[in-house]
Amino acid sequence: MQEKYDPQEVERAIQARWEDTGAAHAVEDMGKPKYYCLSMFPYPSGKLHMGHVRNYTISDVLARFHAMRGFNVMQPMGWDAFGMPAENAAIQNRVPPAKWTYANIETMKSQLKRLGFAIDWDREFATCEPDYYRWEQWLFTRLFEKGIVYKRSGVVNWDPVDQTVLANEQVIDGCGWRSGAPIEKREIPMYYMRITAYADELLDGLDKLEGWPEQVRLMQRNWIGKSFGCEVAFPYDTATVGLEGVLKVFTTRPDTLMGATYVAVAAEHPLAARAAAVDPALREFIGECKRGGVAEADMATVEKKGLPTGFFVRHPLNGEKLPVWVANYVLMAYGEGAVMAVPAHDERDFAFAEKYGIEIRTVIASRTGVYTEAVAPWIPAYAEHGVCVNSGKYDGLGFEDACDAIAADLATKGLGERRTQFRLRDWGISRQRYWGCPIPIVHCETCGDVPVPDEQLPVVLPENVEVTGSGSPLARMPEFYECACPKCGKPARRETDTMDTFVESSWYFLRYCCPDNGGAMVDDRVAHWCEGGIDQYVGGIEHAILHLLYSRFWTKLMRDIGLFGDFRLDEPFAHLLTQGMVVAPTFYRKMPDGKTEWINPSDVNLECDARGRPVAAKRLSDGQPVCIGGIEKMSKSRNNGVDPQTLIDKYGADTARLFVMFASAPDQSLEWSDAGVEGAYRFLKRLWRVVHEHVSKGRILAYSGGAITQELKEFRHQLHQTIGKVADDYGRRKQFNTAIAAVMELLNACARINDDGKTARAVRQEALEAAILMLYPIVPHICETLFIEIRPGKTSGCLSFPDIDTAALARDEIELVLQVNGKLRGYLRVPASADKSAIEEAAVSTEVAQRYLNGKPPRKLIVVPGRLVNIVPQAFST
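Residues numbered from 1 in each chain as written. Predicted model: local features only at pLDDT ≥ 70, side-chain atom pairs only at ≥ 80, totals over all residues. Heavy atoms only, no water.

A. Focus on the overall build of the protein. The number of helices and strands found in the protein is 27 helices and 35 strands. The principal-axis extent of the C-alpha atoms belonging to the protein is close to 105 × 80 × 70 Å. Each of the 878 residues in the protein was classed as buried or not, and the buried ones make up 52%. As presented, the protein carries roughly 39,000 Å² of accessible surface, and 50% of it is formed by carbon and sulfur atoms. Here the protein contributes 101 positively and 115 negatively charged side chains, and the mean placements of these two sets differ by 4 Å. (Helix = DSSP H or I, 4+ residues; strand = E, 2+ residues; numbered from the N terminus. Buried < 20%, exposed > 50% of the residue type's maximum accessible area, 1.4 Å probe, protein only. Areas by Shrake-Rupley, 256 points an atom, 1.4 Å probe, with all protein chains shown as cover. Lys, Arg positive; Asp, Glu negative; His and termini not counted. Charge placed at Lys NZ, Arg CZ, Asp CG, Glu CD.)

The structure is reproduced here in structure tokens:
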């Protein structure tokens, strides 16, 4: 065994051994319990960042631990390869997105391998490969025929210069992120998936996901947003509108209906268009509204603006005329594109009414006091439930009774009914961009929209394409869109929209079970690996809603289409771990042009006071002062990231793995620390040195029984307690930092053992073997190498987690705290089998007790089993 720890040599040799033996290759083994461990697959952006390292180390620790416990483990990896970043890079670098993507995959794959993750690379795929996306096209055609996928007009952000649709995050201050042009809201034909048909099942299923963080389940509940209320119809005032009809709204507060003083419609609503036809100012305002965003979040923060249409509707219960306004905070995509406004009991309506001088009418009083117009100015928008006032026949009714009475009266008039509504909207999957899965539809003037038949799948996305940022290149490629109708054979046009990239990530975890099946989307191997759901899923909290919700939905679609056969899979992920962020200090300078220059921490010399608090900082490259920012998530925008490759090249993969697992619990934020990395490296060097010193004295078999000293008994008790704790930390608690700390404490105790004798050396052998095995899931390279060195006759192969020796946990004696008058005065050793009276007798007979008792019997003796004895002398009184 070499004396010095050389991480590069150790890791290179062990990884070669794993590669040669196919150590991570997974097969369906019915003789073992399965464990499917999965991290959310990465977007191939170019290089790994520390968030990747932490994420994949967490899942690798779990995978290796379960393999050690005898589970048949599968840990696959692939690439979420479609998406906007590749198009943006193509524009900047003048390289086709496919070429950029595949090059990045190779780079990141080599980095993942260098970190020593036990990944079954035989199951690898990228979602941009036709062999993968052909199956989502195949399923799309089935869902289209069943009406689960349908086509209708949708409102999108349209960049008039780049001639393309923009995602909400690409709209900055109302302008396109690239062109800078004011964005328009435009209606275009889009494809939708009817996720609302599964809203109840998606909501109810959350109760069964006991292995998920409650925070994530709550976020999904709120996103689905099941609410109970009334649909209310406000009849048109025919004298002003010029036609008959009703304006429908949904409200969760029908008890406030008597306080409605206006209604508001979206800019795209037919009433808005009708009024704008004769009102130039309104027409201009509607144009301004259409240049805003289309996200609900945007509406929450935007300045509330509106204009009256000159139209009125009639209150459905009292016939009062209510003005119709066009408001920029109303979205056509939500409900009927109209809301009833009750300013006294809704903050948004209150602000709008105050701004435009619209009546504010109080109709709800607090249960704890009278709430009238007299107090309205200083308590605006009382939005709580209460008692109806100023509401005629409904006065005095509480929330439930008022809702029931008003709903009944609306139903009698044919102007409303009870209704359940969801915040969840159908999933718009059309993207007017290039780098995505082509939608398999052909448009024929004779036959309409025709799904591409199976024998013509996949519709392959051309890869050698120049992307300019001005619209999708597919729409400019007749060789792609010109085709024959599959039904009638006449000339037709292929759809040039591509699918939302969330589609690819909504089923990839099922394809991992059978990536080699060229004849089906999935096969019966899904039943083996996904029985009871994927055992562990690891990823960021930022995916709590969309990715996880769409994955749950897509799994139910595949189930209902019959792709799982007799196997029923309702929920894809049994257990979910959302890891915390990796954060680091930030440093910056304000430039003369007002911009901020962010400086990487590696280029900063930080001065601290006597208590270690930062007080000043200078840039190493120029010696000039820089400003100390906050502790923020590692990101390119803040330039506070650490290149994992630099860390690995200097210290090795095991040091990187150890630091990110020891610095904090997996679900907590991890603050970067160069000193912490150095500390992790020192620990591994120490571990190597301890084993080298032990082995250099000659190899020996681990202790397996026989007479030993009391000191060794106590140490073995600690050893096997540690094994139990670490197993629990890895398995149930998933607190890897405390597992590492426990092993460190054990090694400290081991160093205090005098191993001059053969028995003591055998106990030390037992402890070192156990410590190596307990650390193996976290630092597998060094641990496998050391285990081969320390265990006579052991070569390689799957290591087993150490077993607990229950006999070692049994103790002949126990040590109790000895107190007098509640203060610590010493310790008492008694037989483990001693009863209360024996403990009392032993305590009273100690020298400490006699010193305080002065020959008198104690006034009181308090025994806490297994913990302490408290002696209260006669003279002591409370």
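B. Quick look at the nonpolar core. Of all hydrophobic cores here, the largest spans 188 residues; its most connected members are Tyr-36, Tyr-508, Trp-554 and Met-558. Residue contributions to this core peak at 11 residues, all from helix H23 (residues 758-775). By size, the runner-up hydrophobic cluster in this structure holds 39 residues, among which are Cys-230, Ala-272, Leu-317 and Val-363. (Core = buried A, V, L, I, M, F, W, Y, C linked by side-chain atoms within 4.5 Å.)

C. A look at the side chain of Thr-496. Residue position: Thr-496 is located in the loop between strand S22 (491-494) and strand S23 (498-499). Classification of Thr-496 as buried rests on a relative accessible area of 13%. Discounting residues that sit within four places of it in the chain, Thr-496 has contacts with Arg-433, Ser-472, Leu-474, Ala-475, Phe-480 and Tyr-481. (Contact = heavy atoms within 4.5 Å.)

D. Expanded view of a positive patch on the surface. Residues Lys-4, Arg-682, Lys-685 and Arg-689 make up a contiguous surface patch of positive charge. Along the chain, Lys-4 turns up in the segment before helix H1 (7-21). Its relative accessible area of 63% is what places Lys-4 among the exposed residues. (Patch = residues over 30% accessible without salt bridge, like charges linked within 9 Å, V, L, I, M, F, W, Y side chains within 5 Å. Salt bridge = Lys/Arg side-chain N within 4 Å of Asp/Glu carboxyl O.)

E. Structural detail: helix H13 (residues 399-413). For H13, spanning 15 residues, the distance from its first C-alpha to its last is 21 Å, which sits close to the expected 21 Å at 1.5 Å a residue. Those residues of H13 that fall on the buried side of the exposure criterion are Phe-399, Ala-402, Cys-403, Ile-406, Ala-407 and Leu-410. The arc that holds every buried residue of H13, seen down its axis, measures 125°, which confines them to one face. Facing away from the buried side of H13 by over 90 degrees, the exposed positions are Glu-400 and Thr-412. Just past H13, the residue Gly-414 takes up positive phi, approximately 70°. (Expected span 1.5 Å × (residues − 1). Arc of directions from axis to C-beta.)

F. Seen up close, helix H4 (residues 97-114). The terminal C-alpha atoms of H4, which comprises 18 residues, lie 26 Å apart, in line with the 26 Å expected from a rise of 1.5 Å per residue. Contact partners of the buried residues in H4: H1, helix H2 (50-68), helix H3 (84-93), helix H18 (644-651) and helix H19 (653-662). Where H4 terminates, the next one or two residues include Gly-116, which has phi positive at roughly 75°.

G. View of the packing of aromatic side chains. Scanning the entire structure with this criterion turns up 37 aromatic pairs. An angle of 10° between the planes, with centres 6.3 Å apart, marks the rings of Phe-140 and Phe-144 as stacked. Residue Phe-140 and its partner Phe-144 are both found in helix H5 (residues 130-146); the two are separated by 4 residues, about one turn of the helix. The cationic tip of Arg-64 hangs over the ring face of Trp-18; the distance from NZ or CZ to the ring centre is 4.5 Å. (Phe/Tyr/Trp six-rings, centres within 6.5 Å; stacked < 30°, edge-to-face > 60°. Lys NZ or Arg CZ within 6 Å of the ring centre and 35° of its normal.)

H. Structural context of the sheet that holds S22. As summarised here, the arrangement of the 4 strands in space is S20-S19-S22-S21, forming an open sheet in which the pairing is antiparallel. Unpaired on one side and paired on the other, strand S20 (448-451) and strand S21 (482-484) mark the two borders of the sheet. Shown here is a sheet whose adjacent strand axes are inclined to one another by a mean of 40°, direction ignored. Relative to S22, S21 runs antiparallel, the two sharing 3 bridges. Considered in S22, the bridge of Ala-484 is made with Pro-491. (Pairing = 2+ DSSP bridges. Axes fitted to C-alpha atoms, helices over the stretch in contact; angles between N-to-C directions.)

I. Just the state of the cysteines, in detail. Under the definition given, this model contains 0 disulfides. Cys-175 takes part in no disulfide bond, and the closest cysteine sulfur, belonging to Cys-289, lies 16 Å away. Between Cys-483, a cysteine without a disulfide, and Cys-485, which holds the nearest cysteine sulfur, the sulfur-to-sulfur distance is 8.0 Å. (Disulfide = S-S within 2.5 Å.)

J. Region of the structure containing the sheet that holds strand S8 (residues 226-235). Read from one edge to the other, the open sheet built from 3 strands follows the order S9-S8-S16, with strand pairing classed as antiparallel. The open sheet terminates on both sides in strands that have one partner only, identified here as strand S9 (246-251) and strand S16 (416-422). The mean angle between the axes of side-by-side strands here comes to 30°, regardless of whether they run parallel or antiparallel. For S8 and S16, the ladder comprises 7 bridges, and the chain directions are antiparallel. Of the residues in S16, the one forming a bridge with Gly-229 is Arg-419. Sheet strands touched by H13: S8 and S16. Its angle to S16, the strand with the most contacts, is close to 120°.

Geometric values such as these leave the question of function open.
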